[in-house]
Amino acid sequence: MCWTVLDRAVRIAELFVARDRPDWRQARDEIAHDLLANGWNERVGAFTTAYGSDDLDAAALAVGLGGLLDPRDPRFVATVEAVDRELRTGPTVRRYIFDDGLPGTEGGFHICATWLVEALSLIGEAERAEA
């Protein structure tokens, strides 16, 4: 989300105040480089909840939904497939399933289902997204 904030701030500065912010652009690009270098988990075959973690999190879909990665990037496609396979039960999509230290279990969220529908659509799985 830090990348998204800076990316949108750079765009807003350019579009609405005709100002280039190289410091914001540099910070955005450094975050992107760090995320792409460290956020992908080869063991899991997806972007995960945190660097070095094996836990899936539907929020990782933001890498493609927000524009950091092209939706055709194999890492985004694999992340979408992992979220669909591991976090979705019928129409319900959980944000995550790991123990977060809170009582009870994590339920499904409409926003996570919406992220997954959009992500499936972006990777060319329109029929699955529609279903």
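What counts, and where the lines are drawn
- Residues numbered from 1 in each chain as written.
- Predicted model: local features only at pLDDT ≥ 70, side-chain atom pairs only at ≥ 80, totals over all residues.
- Heavy atoms only, no water.
- Helix = DSSP H or I, 4+ residues; strand = E, 2+ residues; numbered from the N terminus.
- Buried < 20%, exposed > 50% of the residue type's maximum accessible area, 1.4 Å probe, protein only.
- Expected span 1.5 Å × (residues − 1).
- Polar contact = N/O pair within 3.5 Å; in protein donor to acceptor, adjacent residues only side chain to side chain.
- 1 Å grid on protein atoms, 1.4 Å probe; cavity = no way out; pocket = protein on both sides within 12 Å on 5 of 7 lines; lining within 4 Å.
- Points joined across faces, edges and corners; volume = space filled by probe spheres on them.
- Nonpolar A, V, L, I, M, F, W, Y, C, P; charged D, E, K, R; others polar.
- Phe/Tyr/Trp six-rings, centres within 6.5 Å; stacked < 30°, edge-to-face > 60°.
- Lys NZ or Arg CZ within 6 Å of the ring centre and 35° of its normal.
- Salt bridge = Lys/Arg side-chain N within 4 Å of Asp/Glu carboxyl O.

(A) Main features of the overall build of the protein chain. Counting its regular elements, the protein chain contains 6 helices and 4 strands. Of the regular secondary structure in the protein chain, the N- to C-terminal order runs α-α-β-β-α-α-β-β-α-α. Dimensions of the protein chain along its principal axes, counting C-alpha atoms only, are 45 × 35 × 30 Å. Counting over 131 residues, the protein chain shows a buried share of 34%.

(B) The arrangement of helix α4 (residues 74–87) in detail. Taking 1.5 Å of rise per residue, the 14 residues of α4 would be expected to cover 20 Å, and the 19 Å separating its terminal C-alpha atoms lies within 8% of that figure. For α4, every residue scored as buried is listed here: Phe-76, Thr-79, Val-80, Ala-82, Val-83, Asp-84 and Leu-87. The backbone nitrogen of Arg-75 has a side-chain oxygen 2.8 Å away, supplied by the residue at the start of α4, namely Asp-73.

(C) Examining the layout of surface pockets more closely. Within this model, the largest pocket holds a volume of roughly 430 Å³. If you trace the largest pocket, you find 20 residues lining it, with Met-1, Leu-35, Ala-59, Ala-60 and Val-63 closest to the centre. Elements with a contribution of two residues or more to the lining of the largest pocket: α1 (2–16), α2 (22–38) and α3 (62–65). Its residues placed into classes, the lining of the largest pocket shows 13 nonpolar, 4 polar and 3 charged. Estimates place the volume of the second largest pocket at around 210 Å³. For the lining of the second largest pocket, the secondary-structure elements that each account for two or more residues are α5 (110–122) and α6 (126–130).

(D) Here's a closer look at the packing of aromatic side chains. The tally for this structure, following the rule as stated, stands at 2 aromatic pairs. Plain terms: the ring middles of Trp-40 and Phe-47 are 5.5 Å apart, the flat faces sit at 75° to each other, and that makes the pair edge-to-face. For Phe-47, a relative accessible area of 2% corresponds to the buried category. On the numbers, 4.3 Å between centres and 25° between planes, the contact of Tyr-96 with Phe-98 is stacked. The class of Phe-98 is partly exposed, set by a relative accessible area of 24%. Over the face of the ring belonging to Trp-24 we find Arg-21, whose NZ or CZ atom lies 4.1 Å from the ring centre.

(E) The pattern of salt bridges, seen in detail. All chains considered together, the criterion is met by 16 salt bridges. The closest approach of N and O atoms between Arg-28 and Asp-29, which form a salt bridge, is 3.0 Å. Overall, Asp-29 belongs to the partly exposed group, its relative accessible area being 39%. Where Asp-70 meets Arg-72, a salt bridge forms, and the shortest distance between an N and an O atom there is 2.7 Å.

Purely spatial values, then, with no claim about function.
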